[in-house]
Amino acid sequence: MKIKLRLRHKIQFIIISLSVLVFTGAIGYIAFKDRQSSYENQTRLIEAQTEKHANQLKVLINEDFAVVRTLALAFKTYKFLETDQYQKLVNQIYDHVFQGNPEFYQLWDSWELNVVDSTWNRPTGRITNTRLREKGEMKRLVDIRSLDGDNKYYAKDKALARELISEIYADAFSEQKADKKIMTTYEAPIMDQKKFVGLIGVDVTLDRFQEIVSGIQLEDLEGSYAFLISHNGKYAGHPENDKLNTFIPKNPTSNPDFNIYQKIKLGKPFSIVNDRGQEERFVSYFPIKISRTDTYWYLGITVPRESIIQQVNENLYVSFIVGIVGLILLGIVIYFVSINISRPVQSVTKQLNKLSRGEIKTSNKLKLETGDEIEEMAEALNQTIEKLNQKNQFAKHLGRGDLDQELTIEDKEDELGLSLVEMRENLQKARKEQQERQKEDEINNWINQAITETSDIFRKHNQNIKNLTFSTLQYLLDYLNVSQGGIYVKNDEEDEVFYELISAIAYGRDKLIEKKIKNEEGLVGRCAYEGLTVYMTEIPEEYVNIKTGLGDANPRTILLVPIKNNEEVLGVIELISFNEFADYQIKMVEQIGGNLAATIANVRINQKTEKLLHRSQKQTDELAQQEQEMRQNVEEMKATQEEAQQRQHEMTALHEAVNDIAYVAEFDMDGHLIDMNKNLEVLLAKPKDQVIGMQQGSFAGTVDQEAFEETWEQLRAGESITKEQKIKSGNAYVWLLETYKPVINAEGEPYKVVNIGIDITHTKKK
């Protein structure tokens, strides 16, 4: 037998009974599931705290790195200063930065000697500036290092040429080197373009990081603490000072395949359970990316699992109490709510049934004044009916093709309204795309028609450039409705290249205009030189003036299109109009210009071939006449060749004799050494590859620049010079009597200088 109850009785009986049953059944499930869920929530909280503190440390490290990077970027921008000014500025910046950053233990740099000293030509050698604190005061040090080669650490940093952080190390912070501190070094390269110039570095102690790490403890989780490890797995911060600068255990878990050193190289957060100690501990690790390096440090927070479980149990007890109190309050609330709901709900249900059948008449609106959610429900139902009527009218307009009709959307969650608006937009978009495709097809057909018709012109007039260009120009003017134009063709058969106006038309008439334009001259010359289209809508007043029966008028636009064949500009098409050109019209002219260029090239090849055939016939006759003369010349050449070979043997012997007894060197026309013989290499006591490229006169130690310029000015003029020069050889000096002789090339110009020196030291000693 089915029991019939009033709505409010059903609400009271069913909801309260069901709540009690559900709550009772959930107690056991919560005891089983909520424990694990709470545990996971606690571990996520630990991981979030690890990330938070890791980011705080990251900010501190990156702030220090920003100082080093800023110095590295700033120093390379002051190279325009004089050396003294630059050194003064560097010292001022160092003092200011070092004093403003008390956490810096040392601030140092390292500059390549071959950058700061133009006379130093070795690949190694550097000068360093250092700021350090001693007895509470700042001390400055300058040192020169690596003259005989870079050490392996500096050579590695120099080869990498990027920001680096060193592995942590123990250093003596006090003057007696007794108070050991854990330190690290930040480095940033100084680059000029892609060339390594030097390094900026800062040595910092990890005391402030140790202080921060020691102060990290999670509230309500007894036994928790934090630690900091470097990229190679050393403790950089730990509540126990004895563990600083020692390696973290490789595998603190029961998983035999786990390797913590591999994990920290990945730069990703992770968590583990350390179950190899006296108590199980949950450990969360979060990476700290060191500035712009590829290096990661890690912050870890470890918590005993027993503390986490204790917190989970406390949360579970609180949940049980809150649930019981909530159940009692729920019964009281349901009792009163059921009375207010049951009465007006029938009216709402009736109208909802009508709405479900698709009946959306405005006469179905309700008038309820209950002052609660039922009244709001009735009002919402009324608004739904009103909005459905609006959407119904909107859909009817769309069905009739009225795509400009608007529909007001008041709520972003109105899916039906949004769908109708999206449908209207899609219909508008489809209509627009159809119109654009139609327009694009019309343009392509218009361009293809022009290409086809001009191709017929090219085939018809492929023997005469004048007829070819005139017919092409006439077609373009008619097709584009342009009043005036011309075609310039490149003429490179004379001494100077120019562009000649071959065809010119104004108002449908051929204009006999003689006009030659040099390369880069005017707009036409620039267009030809750059090989790019020129389109101007504002042209100079005097550029062109069209005279008609109605008076004088200036055109509005000019279009210049290069006639190019395989990147070679053979001419220029010039079109002048009162109307502006559309992009597709310019594109059409460019395509026709390319086809015209190929035709002009073929015409010229045919013309040149004809000339060459005529010239070849003439040369054949001349060669027959010259053949007889050549037979006579062969006999004379044999005799001359034998004499030349004899002279060559004599010159070779002379060259070997000079190389045996003299010091021979060769210089380019700027005075730089390009070759020398073995005698000079022994005299200088230096390998050839170390002195090649040195300036003439620098072997004595210094160069008299004024005398150097005067000497080489005479040599460039083709004059020979003889003078004495003192050269340093080991620890002694040698006097040479030198003769500088310019060597002349086939064009009659000197291209190098030969220097022959004789030792006259013995005469100088007398």
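Residues numbered from 1 in each chain as written. Predicted model: local features only at pLDDT ≥ 70, side-chain atom pairs only at ≥ 80, totals over all residues. Heavy atoms only, no water.

Q: Give me the overall build of the chain: which residues, what numbers.
A: Check the secondary structure of the chain and you find 16 helices and 26 strands. Across the 766 residues that make up the chain, the buried fraction comes to 36%. When contacts within the chain are restricted to residue pairs at least 6 apart in sequence, long-range pairs at least 24 apart make up 53% of them. Total accessible area on the chain stands at roughly 47300 Å², and carbon and sulfur atoms take up 50% of it. (Helix = DSSP H or I, 4+ residues; strand = E, 2+ residues; numbered from the N terminus. Buried < 20%, exposed > 50% of the residue type's maximum accessible area, 1.4 Å probe, protein only. Contact = heavy atoms within 4.5 Å. Areas by Shrake-Rupley, 256 points an atom, 1.4 Å probe, with all protein chains shown as cover.)

Q: Provide a residue-level description of a negative patch on the surface, including the pertinent values.
A: A grouping of Glu433, Glu436, Glu440, Asp441 and Glu442 is seen on the molecular surface, where their side chains present a negatively charged patch. Residue position: Glu436 is located in helix α9 (residues 415-460). The class for Glu436 is partly exposed, based on a relative accessible area of 45%. (Patch = residues over 30% accessible without salt bridge, like charges linked within 9 Å, V, L, I, M, F, W, Y side chains within 5 Å. Salt bridge = Lys/Arg side-chain N within 4 Å of Asp/Glu carboxyl O. Lys, Arg positive; Asp, Glu negative; His and termini not counted. Charge placed at Lys NZ, Arg CZ, Asp CG, Glu CD.)

Q: Talk me through the side chain of His231; I want residue IDs and the actual numbers.
A: Within the element layout of this structure, His231 appears in the loop between β8 (225-229) and β9 (235-237). Given a relative accessible area of 13%, His231 falls into the buried group. Here the side chain of His231 touches Trp297 through a polar contact of 3.2 Å, side chain to side chain. Sequence-distant contacts of His231, that is, excluding residues within four places in its chain, are made with Ile165, Ser166, Glu167, Ile264, Lys265, Thr295, Tyr296 and Trp297. (Polar contact = N/O pair within 3.5 Å; in protein donor to acceptor, adjacent residues only side chain to side chain.)

Q: If you had to explain a nonpolar patch on the surface to someone new, which residues and values would you point to?
A: Taken together, Ile321, Ile324, Val325, Ile328, Leu329 and Ile332 make up a surface patch of nonpolar side chains, about 580 Å² in accessible area. For Ile332, the position within the fold is in helix α7 (residues 305-356). We classify Ile332 as partly exposed; its relative accessible area is 46%.

Q: Provide a residue-level description of the confidence of the model for the chain, including the pertinent values.
A: On average, residues of the chain score 81 in pLDDT, and 84% of them are at 70 or above. Considering only residues more than four positions removed or in separate chains, one finds that residues 173-178, a stretch of pLDDT under 50, has eleven contacts. (pLDDT = per-residue confidence, 0-100.)

Q: Describe in detail the packing of α9 against helix α10 (residues 465-480), supporting the description with residues and values.
A: α10 packs onto α9 with a crossing angle of 155° between their chain directions and a minimal axis gap of 10 Å. The angle between α9 and α10 places the two elements in the roughly antiparallel class. Both α9 and α10 take part in a crossing whose hand is right-handed. Packed against α9, whose contacting residues are Trp446, Gln449, Ala450, Glu453, Thr454, Ile457 and Phe458, the element α10 presents Leu468, Ser471, Thr472, Tyr475, Tyr479 and Leu480 at the interface. Residues of the contact of α9 with α10, tallied by class, amount to eight nonpolar, four polar and one charged. (Axes fitted to C-alpha atoms, helices over the stretch in contact; angles between N-to-C directions. Parallel < 35°, antiparallel > 145°, perpendicular 65-115°, else oblique. Left-handed = near helix turned anticlockwise from the far one by under 90°. Nonpolar A, V, L, I, M, F, W, Y, C, P; charged D, E, K, R; others polar.)

Q: For unusual backbone geometry, give the residues involved together with the corresponding values.
A: Positive phi, normally seen in glycine, also occurs at Gln193, with a value near 60°. Mapping Gln193 onto the fold places it in the loop between β6 (180-192) and β7 (195-205). Among the residues examined, Gln193 registers a relative accessible area of 73% and is labelled exposed. The phi dihedral of Glu567 falls on the positive side, at around 70°, and the residue is not glycine. In this structure, Glu567 sits in the loop between β20 (557-565) and β21 (568-577). Since its relative accessible area comes to 68%, Glu567 is described here as exposed.

Q: Tell me about the pairing of β21, and please be specific about residues and values.
A: Judged by how many residues are buried, β21 sits mostly within the fold: nine of ten residues are covered. As paired elements, strand β13 (residues 484-491) and β21 share six bridges and run antiparallel to each other. Residue Val489 lies in a different strand from β21, and its bridge partner there is Gly571. Sheet topology places β20 next to β21; nine bridges connect them, and they run antiparallel. (Pairing = 2+ DSSP bridges.)

Q: Which residues make up the sheet that holds strand β11 (residues 281-289), and what values go with them?
A: What the five strands build is an open sheet, ordered β9-β8-β12-β11-β10; its pairing is antiparallel. Whereas interior strands pair on both sides, the edge strands pair on one side only; in this sheet they are β9 and β10 (270-274). Sheet twist, expressed as the mean angle between neighbouring strand axes with direction ignored, is 30°. Inspection of the sheet shows β8 paired to β9 by two bridges, in the antiparallel sense. Each residue of the ladder has a partner; that of Leu228, found in β9, is Gly237.

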